[in-house]
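# Understanding the architecture of this molecule
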Number of protein chains: 2
Amino acid sequence: MDTLETRQLAYFVAVAEELHFGRAAQRLGMAQPPLSRAIKQLERRLGVTLLDRTSRIVTLTPAGEVLLREARAALDAVVAAARRTQRAGHSDPRLVLAMKPSADGGLLPAVLNAYAARPGAPEVEVVCSFRERGAMLRDGRADVALMHAPYEDFSGLAVEELLVEDQVAVVPQWHRLAGLGAVSMADLAGETLPRWPRRAESGSGPVPEDGGQLMQLIALDRMIAVLPESVRGHLREELTCVPVVDATPTTLVVAWPEHSRSREVASFVQTATTVAADHRATTRATPATR
Amino acid sequence: MDTLETRQLAYFVAVAEELHFGRAAQRLGMAQPPLSRAIKQLERRLGVTLLDRTSRIVTLTPAGEVLLREARAALDAVVAAARRTQRAGHSDPRLVLAMKPSADGGLLPAVLNAYAARPGAPEVEVVCSFRERGAMLRDGRADVALMHAPYEDFSGLAVEELLVEDQVAVVPQWHRLAGLGAVSMADLAGETLPRWPRRAESGSGPVPEDGGQLMQLIALDRMIAVLPESVRGHLREELTCVPVVDATPTTLVVAWPEHSRSREVASFVQTATTVAADHRATTRATPATR
DNA sequence: GGTGTCCATACCTCCAGGGTATTGACCGCG
DNA sequence: CGCGGTCAATACCCTGGAGGTATGGACACC
């Protein structure tokens, strides 16, 4: 038996996500009957039932859930292959760095300068994405990313630690906590904290789409947030922040797709780690400048 | 533009590996012209030249090298998806453990017993592979593997350390080093050591295909080997071993495919780590039993 | 220049993937 | 209980593209 085709995987993912052949077909831009056939053929090929369909409702079997997970990963790998190849071929070598806005730990400028100083270093294109950086690495839209452990999913990625940051609570200046020198997590009880959806779970409460929106919500006193202390440099006037003594520290890491150890990526990672090491040394020497 | 098909990737990999359209077509079980067309179509689709062909010799462009790497990974992911799905569906849940023969650090029996004692634990099928365990995890032939850091490629895999082992030199009993209480790497100068081909490099010297063959070669005085000390328990009569004081210690790890965090795998990993911790504790209490 | 090698082109065939129309199972509702 | 509504499955047709054969054309070696 030869390997599955990506088309089949994409079809299955669509159906598994919609749990509805009609809608899935619509989403795929095709009619429903061929889709039904394709899925059935896939099941025959694997010798496994993937979906239980009672002409009223469609559900995933355990095997179907496995395939959904695996198929997503495989499709990511395929589109990543295409994208990386295109970028490797289309002259103009650029390194795409993905990051969350204002989440560079304050050392991005230094890193970019140091990297640009390297002989033969390509131009670095910085793209900002609030909650997609892992996926961007996996599917080839980005080459390296700044991410925060332990809050993100690093499967398929290689990482190198840059620096450990304590966390601070970001609050409006007139907030009850604003004057305090430090607070603990217990002091935050009762406050609305943002919900970071790990995997598209629709929980209750607001889900900020980007950093600006988050800051806006905080300024409006709708919520407060616990963030790495390097946000201090990026706060708008009416906000301030208070150290949270017992929040687990967050680690800024540089991440890249595991196998693609290109010269440019390796060089960037190395630059970033050395700059971070310097940074740690100097801030330790002159602590708490603010 | 929609995604590449696995067929195209497989075709490209074949050509890129053979660097010869005729042989690649033969290997794929098809005629040469359609293959040429398919590759050309792939290049058009990506907008990138993958191969330089001068009607005499075929070479990979840089972009082609990128695609070769990426395509292999993507194909692995696809076949892994199929295999894991089949295993998830075909009743009879078994956990497949891949290991190198006699490379269990002496704690496999305890791990298997402890795991079997867990309620609802599936049967464990142990498969031995001398130099394919990483690939077996990546393409879904195995669920977990015992591997040795830092000698293997762990990209795409998650690992958990089990135990650190010092290394010993395995030599015939009549060998000049056999009587010594310990040796250093310098003492091994001039000896023939096995070449472990990382990625199908054909270096000089013998390349043992499996452990038995290796031991045979040692017994025939054709070579000696530096291995983790837990091989002591598996040596044939005419061989002995000598600690190598300055060899970098090797770490026995349990590895599994990064995203497939199934209950069974997680449970096995947990069992293995606790058993290993116990093992470390007891061997520290009663050191050097042999 | 002849010959062998090897990739590209031209042209044909055929099946698999896709479309339309319809059936059949299941539910809700009057 | 019958009626319409919703979906997936089935039946049937049709077209594009994957694959095959024959041949051309570039290049090296003798």
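First, a word on scope: everything that follows refers to the structure included in this document. All values reported here derive from a predicted model rather than from experimental measurement.

Right, let's get into the protein's contact with DNA strand D. The local shell around DNA strand D holds 22 residues, among which Phe21 and Arg53 of chain A together with Tyr11, Ala31 and Arg37 of chain B are the closest. Sugar and phosphate atoms represent 60% of those atoms of DNA strand D found within 4 Å of the protein. For DNA strand D, a phosphate oxygen lies 2.9 Å from a polar atom in the backbone of Phe21 of chain A. One of the backbone N or O atoms of Ala31 of chain B is found 2.8 Å from a phosphate oxygen in DNA strand D.

In this section: the sheet that holds strand S7 (residues 167-172) of chain A. Residue and element names in this part refer to chain A. Taken in spatial order, the three strands of this open sheet run S8-S7-S9, and their pairing is antiparallel. If you trace the sheet from one side to the other, it starts and ends with strand S8 (225-228) and strand S9 (239-243), each paired once. Adjacent strand axes in the sheet meet at a mean angle of 40 degrees, parallel and antiparallel pairs treated alike. Pairing analysis gives five bridges linking S7 to S9, with the strands arranged antiparallel. Of the residues in S9, the one forming a bridge with Val168 is Pro243.

Once that is clear, we can look at the interface of chain B and chain A. Between chain B and chain A, the contact holds 40 residues from the first and 40 residues from the second. A combined buried area of about 3000 Å² lies between chain B and chain A, and 65% of that area is made up of carbon and sulfur atoms. Among the residues chain B hides against chain A, the three largest losses belong to Glu70, Thr85 and His259 of chain B. Together they make up 18% of the total. Counting across the interface, chain B meets chain A through four salt bridges. The closest approach of N and O atoms between Arg7 of chain A and Glu5 of chain B, which form a salt bridge, is 4.0 Å. Across the chain B-chain A interface, the total number found is 10 residue pairs in polar contact (both at pLDDT 80 or more). Ranked by residue count, the leading element in the side of chain B that touches chain A is helix H4 (residues 62-89) of chain B, at 19 residues.

This next bit is on helix H1 (residues 6-18) of chain B. Residues and elements named next belong to chain B. An ideal rise of 1.5 Å per residue puts 18 Å on 13 residues; H1 measures up with 18 Å between its terminal C-alpha atoms. Every buried residue of H1 is accounted for by Thr6, Gln8, Leu9, Tyr11, Phe12, Val13, Ala14, Val15 and Ala16. Of the residues trailing H1, Leu19 is marked for its positive phi of about 55 degrees.

Of all hydrophobic cores here, the largest spans 60 residues; its most connected members are Phe12 and Leu67 of chain A together with Phe12, Leu50 and Leu67 of chain B. Those elements that provide at least two residues to this core are helix H1 (6-18), helix H2 (21-28), helix H3 (32-46) and helix H4 (62-89) of chain A together with H1, helix H2 (21-28), helix H3 (32-46) and H4 of chain B. If near-sequence neighbours (up to four positions away) are discounted, Leu67 of chain B is found in contact with Ala81 and Thr85 of chain A together with Leu9, Phe12, Leu42, Leu46, Leu50 and Arg72 of chain B.

Reading the values: the criteria
- Each residue is numbered by its place in its chain's sequence as written, counting from 1.
- Note on labels: chains are lettered from A, ligands numbered from 1, in written order.
- Per-residue local features of the predicted model are confined to residues with pLDDT of at least 70, and side-chain atom pairs are confined, for both listing and counting, to 80 or more; whole-chain, interface and lining totals are unaffected and use all residues.
- Hydrogens are left out, water is left out, and the side-chain values use all remaining heavy atoms of the structure.
- Proximity criterion: a residue is near a molecule or strand once any of its heavy atoms comes within 4 Å of it.
- Identification of polar contacts relies on pairs of N or O atoms within 3.5 Å, with a donor-acceptor requirement for protein atoms, meaning one able to donate a hydrogen and the other able to accept it, and with residues adjacent in sequence counted only if both atoms are side-chain atoms.
- In this description, strands pair whenever DSSP reports at least two bridges between them.
- Numbering of helices and strands starts at the N terminus; helices are DSSP runs of H or I of at least 4 residues and strands are runs of E of at least 2.
- Where helices are involved, their axes are fitted lines through C-alpha atoms of the stretch in contact, as for all axes, and angles between N-to-C directions lie from 0 to 180°.
- Here, residues are in contact when the closest pair of their heavy atoms is within 4.5 Å.
- Each of two parts loses accessible area, computed with a 1.4 Å probe, when they are put together; buried area is these two losses added.
- For salt bridges, the criterion is a side-chain nitrogen of Lys or Arg within 4 Å of an Asp or Glu carboxyl oxygen.
- Each helix should span, by expectation, one fewer than its residue count multiplied by 1.5 Å.
- Buried residues are those whose accessible area, probed at 1.4 Å on protein chains only, stays under 20% of the maximum for their type, while exposed residues exceed 50% and partly exposed ones sit between those limits.
- Among the buried residues, those of types Ala, Val, Leu, Ile, Met, Phe, Trp, Tyr and Cys that are joined through side-chain atoms within 4.5 Å form a nonpolar core.

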